[in-house]
Amino acid sequence: MLASGTVVPASTKPVYLYVPPGQVRKWKQHCARWSACDQPVLFVRVDDSPSRWGQWRQLRESQWAVRARD
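Structure report, in brief.

Definitions and cut-offs
- Residues numbered from 1 in each chain as written.
- Predicted model: local features only at pLDDT ≥ 70, side-chain atom pairs only at ≥ 80, totals over all residues.
- Heavy atoms only, no water.
- Helix = DSSP H or I, 4+ residues; strand = E, 2+ residues; numbered from the N terminus.
- Buried < 20%, exposed > 50% of the residue type's maximum accessible area, 1.4 Å probe, protein only.
- Contact = heavy atoms within 4.5 Å.
- Phe/Tyr/Trp six-rings, centres within 6.5 Å; stacked < 30°, edge-to-face > 60°.
- Patch = residues over 30% accessible without salt bridge, like charges linked within 9 Å, V, L, I, M, F, W, Y side chains within 5 Å.
- Areas by Shrake-Rupley, 256 points an atom, 1.4 Å probe, with all protein chains shown as cover.
- Salt bridge = Lys/Arg side-chain N within 4 Å of Asp/Glu carboxyl O.

### With respect to the overall build of the protein
Next, step 1: Regarding its fold elements, the protein presents three helices and two strands.
Next, step 2: Counting over 70 residues, the protein shows a buried share of 17%.
Next, step 3: Long-range pairs, those at least 24 residues apart, make up 63% of the contacts in the protein between residues at least 6 apart in sequence.

Set out below in structure tokens:
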């Protein structure tokens, strides 16, 4: 995916990035944050990472439960 309309040579290797799903959907607005507006980008998906707030909350609460037992 290219954020700008520039032409990239075929020999250019893509940059692999893990970015939050909301930034992937609106890449043109967020590419500057990653310095990747004029580069081909392939987005890496990490299935075991908590990408939604509910999953973050579950992870955080489970960590607190472990700390409380110690």
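### Topic: the packing of aromatic side chains
Working definition: an aromatic ring pair is given by the centre-to-centre distance plus the angle between the planes.
Next, step 1: Taken as a whole and judged by the stated rule, the model has one aromatic pair.
Next, step 2: With centroids separated by 5.0 Å and ring planes inclined at 80°, the aromatic side chains of W27 and F43 adopt a geometry described as edge-to-face. Highlighted residues: W27 in helix α2 (residues 27-30) and F43 in strand β2 (residues 41-43), separated in sequence by 16 residues.

### Some thoughts on a nonpolar patch on the surface
Next, step 1: A surface patch of nonpolar side chains, amounting to about 450 Å² of accessible area, comprises Y16, Y18, L42, V44 and V46.
Next, step 2: When you line up the elements, V44 lands in the loop between β2 and α3 (53-69).
Next, step 3: V44 sits in the partly exposed class, given a relative accessible area of 36%.

### So, the environment of Y16
Next, step 1: Assignment of secondary structure puts Y16 in strand β1 (residues 15-17).
Next, step 2: Separated by 27 residues in the primary sequence, Y16 and F43 have C-alpha atoms spaced 5.8 Å apart.
Next, step 3: Ignoring any residue separated from it by four or fewer positions in sequence, one finds Y16 in contact with L42 and V44.

### Let's talk about the side chain of H30
Next, step 1: Checked against the element boundaries, H30 lands in helix α2.
Next, step 2: Setting aside chain neighbours within four positions, we find H30 in contact with G22 and Q23.

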